[in-house]
Amino acid sequence: DSGVTQTPKHLITATGQRVTLRCSPRSGDLSVYWYQQSLDQGLQFLIQYYNGEERAKGNILERFSAQQFPDLHSELNLSSLELGDSALYFCASSVVGGPLREQYFGPGTRLTVT
Amino acid sequence: AQTVTQSQPEMSVQEAETVTLSCTYDTSESDYYLFWYKQPPSRQMILVIRQEAYKQQNATENRFSVNFQKAAKSFSLKISDSQLGDAAMYFCAYANGGSNYKLTFGKGTLLTVNP
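Model, not experiment: these values are computed from the prediction.

Caption draft 1: View of the packing of aromatic side chains. Applying the stated criterion across every chain, the model contains 15 aromatic pairs over all chains. The interplanar angle of 20 degrees and the centroid separation of 6.2 Å between the aromatic rings of Trp36 of chain B and Phe75 of chain B together place this pair among those described as stacked. Of this pair, Trp36 of chain B sits in strand β5 (residues 32-39) while Phe75 of chain B sits in strand β9 (residues 74-79), and the two are 39 residues apart along the sequence. The two residues Trp36 of chain B and Phe75 of chain B agree in class, both being buried. Through a chain of ring-to-ring contacts, the aromatic side chains of Tyr35, Phe45, Phe90 and Phe105 of chain A together with Phe35, Tyr37, Phe91 and Phe105 of chain B assemble into a single cluster.

Given below as structure tokens:
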């Protein structure tokens, strides 16, 4: 158990819909990262938040947005869903600063768009 | 942009034998970090081993060790005394040493362990 929690584990929804994925980082970790794992694209970095502020953006679609709340949990919002958005979405957390750079991954949310 | 290449989509090894998974990367940075993550059928991403680019000594974690060749931009993972539980997808990953901590992953190598 990495200490990172993600809900829900599975999500099945229809095209055009909007969903919210939730992540709680490890205790003490200020930074949260979102990754998408799909058969086509592999594992891709989407976005990073640090203590409530966006720190870095990757290949995140405009239909996707994220935020990190004062209690440090984060939500990834996916809207106008398309079939191609079906993927495993991971949240990871880390301590920012120092030499470690280790990211601890949650169990993921499996999104299926039908 | 940094890239990570894993040239072996699949590998197999006999139980108790040794196997080496290859990874090359491309970067213009001098300060960076390299990782191997394991993803078993449960899909959980598990950190196996980490290497700081400024360290010349290769990292070791029990049966797992790396061969870090900085000039060649190569970062291979050696698994000794392979066990059935080592069967998984293995991902090589890169992170810059600056403030951007994102991980860039290779496409993975699926390791099968034969009894």
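Caption draft 2: Spatial organisation of the state of the cysteines. Enumeration over the complete set of coordinates arrives at two disulfides over all chains. Cys23 of chain A shares a disulfide with Cys91 of chain A; S-S distance 1.7 Å. Between Cys23 of chain A and Cys91 of chain A the disulfide shows an S-S torsion of about -50 degrees. By sign, it is left-handed. Of the two residues, Cys23 of chain A is situated in strand β3 (residues 19-24) and Cys91 of chain A in strand β9 (residues 87-94); the sequence distance between them amounts to 68 residues. Of the two residues, Cys23 of chain A and Cys91 of chain A, neither departs from the other in class, the shared state being buried. The disulfide partner of Cys23 of chain B is Cys92 of chain B, and the gap between their sulfur atoms is 2.0 Å. Given an S-S torsion of about -70 degrees, the disulfide between Cys23 of chain B and Cys92 of chain B has left-handed geometry. On the criterion of sequence distance, the pair formed by Cys23 of chain B in the loop between β3 (19-21) and β4 (24-26) and Cys92 of chain B in strand β10 (residues 88-96) is long-range, its members being 69 residues apart. The class for Cys92 of chain B is buried, based on a relative accessible area of 1%.

Caption draft 3: Here's a closer look at the sheet that holds strand β8 (residues 74-78) of chain A. Residue and element names in this part refer to chain A. Across the sheet, four strands lie side by side as β1-β3-β8-β7; this open sheet has antiparallel pairing. Both edges of this open sheet fall to β1 (5-7) and β7 (64-68), since each of them pairs with a single strand only. Adjacent strand axes in the sheet meet at a mean angle of 15 degrees when their direction is disregarded. Of the pairings in the sheet, the one linking β1 to β3 comprises three bridges and is antiparallel in character. The residue of β3 that forms the bridge with Gln6 is Cys23.

The rules behind each value
- Residues numbered from 1 in each chain as written.
- Chains lettered and ligands numbered in written order.
- Predicted model: local features only at pLDDT ≥ 70, side-chain atom pairs only at ≥ 80, totals over all residues.
- Heavy atoms only, no water.
- Phe/Tyr/Trp six-rings, centres within 6.5 Å; stacked < 30°, edge-to-face > 60°.
- Helix = DSSP H or I, 4+ residues; strand = E, 2+ residues; numbered from the N terminus.
- Buried < 20%, exposed > 50% of the residue type's maximum accessible area, 1.4 Å probe, protein only.
- Disulfide = S-S within 2.5 Å.
- Pairing = 2+ DSSP bridges.
- Axes fitted to C-alpha atoms, helices over the stretch in contact; angles between N-to-C directions.

Purely spatial values, then, with no claim about function.
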